[in-house]
Amino acid sequence: MDFQLPREIEEMKQVVRDFVATEVEPLAMEIEAQDEVPQDLLEKSRALGLFGLSIPEAYGGMGLSMIGKCALYEELGKTINGYTTILGAHNGIGTVGLVELSNEAQRQRYLPRMATGEWIGAFALTEPQAGSNAASIRTTAVKKGDRYILNGQKIYITNAPIAHVFTVMAVTDPSRGPKGITSFIVERDFPGFHVGNVEKKMGLHGSHTAQLYLEDLEVPEENVLGEVGQGYVNALKILANGRAGLAARCLGSSQYLLDKSLAYAMEREQFGKPIFEQQVIQHYLAEMATEIETLRWMMYRVAWMTDMGMNVIQEAAMLKLYGSEVYNRIADKAVQIHGGVGYIAEYPIERFYRDARITRIYEGTSEIQKNVIAAQLRKRYEAGR
Ligand SMILES: Cc1cc2nc3c(=O)[nH]c(=O)nc-3n(C[C@H](O)[C@H](O)[C@H](O)COP(=O)(O)OP(=O)(O)OC[C@H]3O[C@@H](n4cnc5c(N)ncnc54)[C@H](O)[C@@H]3O)c2cc1C
C-alpha cells in the first residue's frame, strides 16, 4: 500500500496552490460583494487548463485520473467556493456524461471546446416537482422526423447563465417510468432554449444558478447522449462520478478552516494567554483535524476505486455524505473558535459557513445518500442469505 501521491500530481497541486494564492484569493471580497467571477479570472483559469480536468488528452484536456482530479479539487476547495463551483460543475456533472457516454462524433464536436473552457458545461435534471425523486421529471421529448421536440422546465441549474452545453434529461416514453427517460446534449442556441432569472442564494456567490425553459426546443436526433431510455441510469452514473470531486472540495475547504482556526487560536489572547491554551479549543481543533484526516483517506480510496473501474455506488454515497457533513461541522467550529470575528463579513469564515450549507443538499441530499447506502446494505444482506 502506498499513501504517496505521484510526483506529477504533487507538482500540479503546487501550480494550483500558487494560482489560488496569487490570482483567486485576492478577489474574494470583490466576488462576494459583486456576486460575479471576473471574466479575467475565468480566462486565466482557462489558460491553466482548469476546464479540461475530466477530458482526455486526445481531445485537448488534462485527462486526469480521479485521484489527480481530487488532488486538484482539494487545492481549489481552499478558496472561494462560488468560483470553484463553476469549475466543479463544469468538470463534474457538466462534462462527465459527454466523456463517458458520448459517441465519437459527439466527442469531436464537444470535448475540445469544453476542454479549453470556450464552451462551459451544465447538467439539467431537477424540475419544480422533481428534486430528490429525479425519476419523476415531466419534461417531455417527442420524436418528430430527425429531431426531438423538448418541452418543460428545469430549476436550479448551476452555470446556466454562462454554459453553452447542457446535459438535459427528458421523458421519451411516459409509460416506462425511469426507463422512459433519455439524456440529450443541448446547445444554448438551439431554437426554443431559454435561460430564466438567476436565483439569489445564501452563499456560493459568483456561481450562478438559474431556471431553464424548454419551449418546443429542437434537438437533432444525433444529440441523444447514450441510449434512448437510459437517461435515468446515466444521470445516476454522472452524479455518482461527481461525488468524489465534491467531497474533495469539501476537504479543501475544511482544511482551510482548520488552518485559519489554528492560527487564530494561537494568536488571539484572552485571560492573558492564547485561547489555544484552553483545553476546549484544543479539543475543537483536534476533532477538526481527525475528521479531515478521515475524510482525506476515504476520498482517495473512492478515487482509487473509481480509477480501477470498481463499483463505488455505496462508497461514493458515504463519501459525499461524510464530506459534506464534516465540512458543515468544521465550519461551525471555525466560527465558534473565531468568536465575533467568525460572524463578521470582512473575514472569510462566515462566507465558508454559508457556502458549506449547500453541500448537504445538492448532488443528492444527505438523506438521499443514506437511502442509497441502506439500499446497498440491504442488497448485500439479501445476496448473502
Ligand atoms: C445552489 C444549487 C445548485 C444546484 N445545481 C443543480 C444542477 O446543476 N443541476 C440539477 O439538476 N440540479 C441542481 N440543483 C438541485 C439539487 O440537486 C436539488 O435541490 C436537490 O437534489 C434536492 O431536491 P429538492 O430541492 O427538490 O428537495 P426535495 O427533494 O423536495 O427534498 C426536501 C427534503 O426532503 C428530504 N427527502 C426527500 N425525499 C426523501 C426520501 N425519499 N427519504 C428521505 N428524505 C427525503 C430531502 O433530503 C430534503 O431534506 C441545485 C440546487 C441548488 C440549491
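Heads up: these notes are all about the structure in this document. (Residues numbered from 1 in each chain as written. Predicted model: local features only at pLDDT ≥ 70, side-chain atom pairs only at ≥ 80, totals over all residues. Heavy atoms only, no water.)

## Details of the pairing of strand β5 (residues 181-187)
And then number 1: Counting buried residues along β5, seven of its seven residues qualify, which places the element largely inside the surrounding structure.
And then number 2: Residues Ile-181, Ser-183, Ile-185 and Glu-187 of β5 are buried on one face, and the alternating residues Thr-182, Phe-184 and Val-186, pointing to the opposite face, are buried as well.
And then number 3: Bridge count between strand β4 (residues 165-171) and β5: seven bridges; the pairing is antiparallel. Following the sheet pairing, Val-168 is matched in β5 by Phe-184.
And then number 4: Where β5 meets strand β8 (residues 224-225), two bridges bridge the pair, whose relative direction is antiparallel. Within the sheet, the bridge partner assigned to Ser-183 lies in β8 and is Leu-225. (Buried < 20%, exposed > 50% of the residue type's maximum accessible area, 1.4 Å probe, protein only. Helix = DSSP H or I, 4+ residues; strand = E, 2+ residues; numbered from the N terminus. Pairing = 2+ DSSP bridges.)

## Thoughts on the nonpolar core
And then number 1: By size, the foremost hydrophobic cluster in this structure holds 84 residues, and its most contacted members are Tyr-83, Leu-150, Phe-166, Phe-184, Val-186 and Leu-257.
And then number 2: Counting 25 residues, the second-largest nonpolar core is a separate cluster that includes Ile-93, Val-99, Ile-137 and Leu-225. (Core = buried A, V, L, I, M, F, W, Y, C linked by side-chain atoms within 4.5 Å.)

## Overview of the pairing of strand β2 (residues 140-144)
And then number 1: Here β2 runs beside strand β3 (residues 147-158); their pairing, made up of five bridges, is antiparallel. Within β3, the position partnered with Lys-144 by the bridge is Arg-147.
And then number 2: What sits between β2 and β3 in their antiparallel hairpin is a turn of two residues, with Gly-145 showing a positive phi close to 65°.

## Concerning the site of the ligand
And then number 1: Close to the ligand lie 19 residues, the nearest being Thr-126, Ser-132, Tyr-156, Thr-365 and Glu-367.
And then number 2: A distance of 2.6 Å separates an oxygen atom of the ligand from a polar atom in the side chain of Ser-132.
And then number 3: In the environment of the ligand, an oxygen atom lies 2.7 Å from a nitrogen or oxygen atom belonging to the side chain of Thr-365.
And then number 4: Calculation on the ligand without its partners gives an accessible area of 980 Å², and the protein chains cover 65% of this total. (Near = heavy atom within 4 Å. Polar contact = N/O pair within 3.5 Å; in protein donor to acceptor, adjacent residues only side chain to side chain. Areas by Shrake-Rupley, 256 points an atom, 1.4 Å probe, with all protein chains shown as cover.)

By themselves, these observations are geometric and do not establish any function.
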